[in-house]
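Descriptive analysis of the structure
Residues per chain, in single letters:
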Amino acid sequence: IAVSGYAGTGKSSLCISLGKRLGMAVIDENFGPLLNADAAFVRAARQIAPGAMLDPAAVEHLAKAYAEWAGARREAYAAHDAFIADRWEADLLVCWLSRFSGTSLSVDAHTARLLRDMQDKAKGIDLVFVTPMEPPFAAERSRNEAGLAREQSLTRQLAYYAWVDALARRFT
């Protein structure tokens, strides 16, 4: 089982409850390293002069973080006959797409690799549950239980859900 959804919609809580009820292992989302790598990428992109090209090493560093997350997931999936995954490879691919769609950066090889990985892993997932979309969060709920900032943009939330829903329907 994979649980997908936007930050703050109860994915982790649902995974923990389902894991206890069904006696299944819960695989933590572990998105922290990805968010850190993405923040470093954004900082690098902001530091370039107008009209200058972004150092390809910045893209490669971010792609490496994505590949490491996917590799750790592969190991976690293989370690359990049955599991509940807090996020899955469609979430990873959507994060990548949201970062690079509309840019002129050459990332298609990385995108294709992430798509193939998602397709391969989808073969072993029997059910994908996408949590309901939440309205933008109130200031007092601006961080999740891991202390990560919640997205406040309705536009980004809607795009995320459209992409995750399409990938889940197409590949599971």
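All values reported here derive from a predicted model rather than from experimental measurement. (Residues numbered from 1 in each chain as written. Predicted model: local features only at pLDDT ≥ 70, side-chain atom pairs only at ≥ 80, totals over all residues. Heavy atoms only, no water.)

**Examining the overall build of the chain**
Across its full length, the chain carries six helices and four strands. Taken from N to C terminus, the helices and strands of the chain fall in the order β-α-β-α-α-β-α-α-β-α. The buried share of the chain, taken over its 172 residues, is 39%. Pairs at least 24 apart in sequence give 72% of the contacts found in the chain among residues at least 6 apart. Counting every atom, the chain has about 9700 Å² of accessible surface; 55% of that belongs to carbon and sulfur. (Helix = DSSP H or I, 4+ residues; strand = E, 2+ residues; numbered from the N terminus. Buried < 20%, exposed > 50% of the residue type's maximum accessible area, 1.4 Å probe, protein only. Contact = heavy atoms within 4.5 Å. Areas by Shrake-Rupley, 256 points an atom, 1.4 Å probe, with all protein chains shown as cover.)

**Topic: the packing of helix 4 (residues 89–100) against helix 6 (residues 154–171)**
Running from N to C, helix 4 and helix 6 point in directions that differ by 135 degrees, and their axes come no closer than 9 Å. Taken together, the axes of helix 4 and helix 6 lie oblique to each other. As for the relative orientation of helix 4 and helix 6, their crossing is right-handed in sense. Two secondary-structure elements touch here, helix 4 through Ala 90, Asp 91, Leu 93, Val 94, Leu 97 and Ser 98 and helix 6 through Arg 156, Tyr 160, Trp 163, Val 164 and Leu 167. Taken together, the residues of the contact of helix 4 with helix 6 break down into eight nonpolar, one polar and two charged. (Axes fitted to C-alpha atoms, helices over the stretch in contact; angles between N-to-C directions. Parallel < 35°, antiparallel > 145°, perpendicular 65-115°, else oblique. Left-handed = near helix turned anticlockwise from the far one by under 90°. Nonpolar A, V, L, I, M, F, W, Y, C, P; charged D, E, K, R; others polar.)

**Brief notes about the sheet that holds strand 4 (residues 128–130)**
The strands making up a sheet associate through backbone hydrogen bonding, with each pair oriented either parallel or antiparallel. Across the sheet, four strands lie side by side as 2-3-1-4; this open sheet has parallel pairing. If you trace the sheet from one side to the other, it starts and ends with strand 2 (25–27) and strand 4, each paired once. Adjacent strand axes in the sheet meet at a mean angle of 20 degrees, parallel and antiparallel pairs treated alike. Of the pairings in the sheet, the one linking strand 2 to strand 3 (residues 83–86) comprises three bridges and is parallel in character. Among the inter-strand pairings, Ile 27 is bridged to a residue of strand 3, identified as Ala 85. The strands touched by helix 3 (residues 56–78) within the sheet are strand 2 and strand 3, with strand 3 carrying the most contacts at an inclination of about 160 degrees. (Pairing = 2+ DSSP bridges.)

**Examining helix 4**
Its twelve residues give helix 4 an end-to-end C-alpha distance of 17 Å, which sits within 8% of 16 Å, the value for a rise of 1.5 Å per residue. If you check which residues of helix 4 are buried, you get Glu 89, Ala 90, Asp 91, Leu 92, Leu 93, Val 94, Trp 96 and Phe 100. Each element contacted by the buried residues of helix 4 is listed here: strand 1 (2–4), helix 2 (32–46), helix 3, helix 5 (108–122) and helix 6. Immediately beyond the C-terminal end of helix 4, within one or two residues, lies Gly 102, with a positive phi of roughly 85 degrees. (Expected span 1.5 Å × (residues − 1).)

**Some words on a nonpolar patch on the surface**
Nonpolar side chains collect at one region of the surface, where Met 133, Leu 154 and Leu 158 lie side by side and expose about 270 Å² of accessible area between them. By the element assignment, Leu 158 lies in helix 6. (Patch = residues over 30% accessible without salt bridge, like charges linked within 9 Å, V, L, I, M, F, W, Y side chains within 5 Å. Salt bridge = Lys/Arg side-chain N within 4 Å of Asp/Glu carboxyl O.)

**Topic: the nonpolar core**
Counting residues in each nonpolar core, the largest one holds 37 residues, and the members touching the most others are Trp 88 and Trp 96. Secondary-structure elements contributing two or more residues to this core are helix 2, helix 3, strand 3, helix 4, helix 5 and helix 6. If sequence neighbours within four positions are ignored, Trp 88 has contacts with Ala 2, Ser 4, Trp 69, Arg 73, Tyr 77, Met 118, Ala 122, Ile 125, Val 128, Ala 168 and Thr 172. (Core = buried A, V, L, I, M, F, W, Y, C linked by side-chain atoms within 4.5 Å.)

**Digging into the packing of aromatic side chains**
The final tally for this structure, using the stated rule, is eight aromatic pairs. A ring pair is formed by Phe 31 and Trp 69, whose centres lie 5.4 Å apart and whose planes are at 80 degrees; its orientation type is edge-to-face. Residue Phe 31 is found in the loop between strand 2 and helix 2, and its partner Trp 69 is found in helix 3; the two are separated by 38 residues along the sequence. Aromatic rings pair up to connect Phe 41, Tyr 66, Trp 96 and Phe 100 into one cluster. The lysine or arginine in question, Arg 87, covers the ring of Phe 31, its NZ or CZ lying 4.7 Å from the ring centre. (Phe/Tyr/Trp six-rings, centres within 6.5 Å; stacked < 30°, edge-to-face > 60°. Lys NZ or Arg CZ within 6 Å of the ring centre and 35° of its normal.)

**Notes on the pattern of salt bridges**
Inspection of the entire model under this criterion finds nine salt bridges. With its nearest N and O atoms 2.8 Å apart, the salt bridge here joins Arg 99 to Asp 38. In this pair, Arg 99 is assigned in helix 4 and Asp 38 in helix 2, connecting sequence segments 61 residues apart. Between Asp 120 and Lys 123 there is a salt bridge, and its shortest N-O distance comes to 3.7 Å. You can call Asp 120 partly exposed: its relative accessible area is 47%. Because the salt bridges share partners, they merge into one network encompassing Arg 74, Glu 89, Asp 117 and Lys 121.

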